[in-house]
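# Results of the structural survey
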Amino acid sequence: MFGADAFGAVLSAFHVNVLECLGYRRIFRIQALSDDGGEHLIDDQKSPLITSQSILEPKRTIVRLPDLFCPSFGIIRNPAINPHYEEVRAESEAWLAQAASFDQRMKAIVHKINISYCFSIVVPDADAAGLRTVLDWGNWAFPFDDQFDDGAINDPTEAQATMDLLLSAIGEPGSVPASSDSRPPIESIVSQVSNERGPNRTVSISLEEQLLNRRDTIGVEPLFPLIEHALKLNLPDDVLAHNSLRECERLVIDLIIIANDIVSYRKEESERYGHNLVAAARRQGLGAQAAFDAVGAMLEARYQDWAVAEIRGWGGQIDEDVKKYIAAVKNIVVANVNWSFETTRYFGKMTKTVKETLMVDVLEDAVGTE
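Residues numbered from 1 in each chain as written. Predicted model: local features only at pLDDT ≥ 70, side-chain atom pairs only at ≥ 80, totals over all residues. Heavy atoms only, no water.

## Observations concerning the side chain of Glu-269
Along the chain, Glu-269 turns up in helix α12 (residues 243–270). Taking relative accessible area as the criterion, Glu-269 reaches 6% and is therefore assigned buried. A polar contact of 2.8 Å, which involves the side chain of Glu-269, links it to the backbone nitrogen of Leu-363. (Helix = DSSP H or I, 4+ residues; strand = E, 2+ residues; numbered from the N terminus. Buried < 20%, exposed > 50% of the residue type's maximum accessible area, 1.4 Å probe, protein only. Polar contact = N/O pair within 3.5 Å; in protein donor to acceptor, adjacent residues only side chain to side chain.)

## A word on the environment of Gly-74
Take Gly-74: it is sitting in the loop between β1 (60–64) and α3 (85–99). With a relative accessible area of 29%, Gly-74 lands in the partly exposed category. The spatial distance from the C-alpha of Gly-74 to the C-alpha of Val-334 is 7.0 Å, given a sequence separation of 260 residues.

## Notes on the nonpolar core
If you look at the biggest cluster of nonpolar residues, it comprises 91 residues, and the most contacted ones within it are Ile-75, Tyr-325 and Ile-332. A per-element tally of this core places α12 first, with 13 residues. (Core = buried A, V, L, I, M, F, W, Y, C linked by side-chain atoms within 4.5 Å.)

## A closer look at the side chain of Asp-254
Of note, Asp-254 is situated in helix α12. Within the local environment of Asp-254, its side chain forms a polar contact with the side chain of Arg-302, the two groups lying 3.2 Å apart.

## Description of helix α10 (residues 223–230)
For α10, a buried count of seven out of eight residues is recorded, marking the element as mostly surrounded by other parts of the structure. Following α10 by one or two positions, Lys-232 adopts a phi angle in the positive range, close to 60°.

## Looking at the environment of Ala-291
Mapped onto the fold, Ala-291 is located in helix α14 (residues 288–308). On the accessibility criterion, Ala-291 (0% relative accessible area) is buried. It is 8.4 Å that separates the C-alpha atoms of Ala-291 and Ala-280, two residues lying 11 residues apart in sequence. Aside from chain neighbours lying at most four places away, what touches Ala-291 is Val-278, Ala-281, Arg-282 and Leu-286. (Contact = heavy atoms within 4.5 Å.)

## Here's the deal with the pattern of salt bridges
Tallied over the full model, the rule gives 17 salt bridges. Linking Glu-221 and Arg-246 is a salt bridge whose minimum nitrogen-to-oxygen distance equals 3.4 Å. With Glu-221 in the loop between α9 (207–214) and α10 and Arg-246 in helix α12, this residue pair connects regions lying 25 residues apart in the sequence. Looking at Glu-221, the relative accessible area reads 19%, which means it is buried. When its relative accessible area of 34% is taken as the criterion, Arg-246 is described as partly exposed. (Salt bridge = Lys/Arg side-chain N within 4 Å of Asp/Glu carboxyl O.)

## Focus: unusual backbone geometry
Although it is not a glycine, Asn-78 sits at a positive phi angle of roughly 55°. With respect to the helices and strands, Asn-78 occurs in the loop between β1 and α3. Given the relative accessible area of 61%, Asn-78 is considered exposed.

## Quick word on the packing of α12 against helix α15 (residues 316–340)
At a minimum axis distance of 10 Å, the contact between α12 and α15 shows a crossing angle of 5°. One element, α12, and the other, α15, form an angle in the roughly parallel class. The segment α12 lies against α15, with Leu-245, Cys-248, Glu-249, Val-252, Leu-255, Ile-256, Ala-259, Asn-260 and Val-263 engaging Val-322, Tyr-325, Ile-326, Val-329, Lys-330, Ile-332, Val-333, Asn-336 and Ser-340. Its residues assigned to classes, the contact of α12 with α15 shows 13 nonpolar, three polar and two charged. (Axes fitted to C-alpha atoms, helices over the stretch in contact; angles between N-to-C directions. Parallel < 35°, antiparallel > 145°, perpendicular 65-115°, else oblique. Nonpolar A, V, L, I, M, F, W, Y, C, P; charged D, E, K, R; others polar.)

The structure is reproduced here in structure tokens:
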């Protein structure tokens, strides 16, 4: 597709134009990119589609997905979307294509994935400039992340070199010192790439433990400071670090991981990609439907945790800004679910049918257990 140098050039431009607005104190929150729960850029011609023929194939079974739309949490169909969406989407995609030297195929892939739709739901009240910040990040990060899964930089050594290059682009000119505080998370990410490859590596730990391991690599946390910037908020460090806000952020990260693993499982099992909670549940002996139900129960538990979460009050404008911030952070979940059933990334031409029925066919026997 395209290499690390192109991604580095894009990130350098993004840093100059946007990241300085966020302030150095929070810039290294925008570095965990290595895993979004197993999503990959895919060519539609290679995308597994649900057809009447595939449903009749031997050793496949029909399961009902957990209902990801949860009105009590605010996950509704057709939520509010930023009015600048179409205009800013076109600007952002054109910028990325030029900065990363995309060919026509890559331009088409990025356009069809349309992550701009997702992020335009996250900040429906942002102005065009604020939305552009978020869309530039999303349109860059999504294809970059896929390179770690099945692209040009899925080798651990190449991954480390790429992250060194990109951290250099984010920070001051020159290489990042070995003693930099930004190194341990990156080394952790590369360690996971190196040590957890293969579909059966995580069979011995619980689903909750696997979820814990995924929190730092899902790529959701970079959105938090971007949201603050896009909405022109200026929350003090002690407010952002308060346990009540951090707990809301944690719950949103968990909800994204769980929902993503539910919708992406069918696609990932065809690719023998095992880092998925549903796949892990199946490897631990659960049948197909029971595995989806178990992961769905994890989702429900997080909804319950959110319902009883309490946000501390600081008074005055801070409380107003915190309210806006938490609403936008919650919108990440709303956006992810709606986008998952708009893109053809997971269910191909049958996306609309799956959205309405929640029925999908998967392998009767789990990958790696036959």
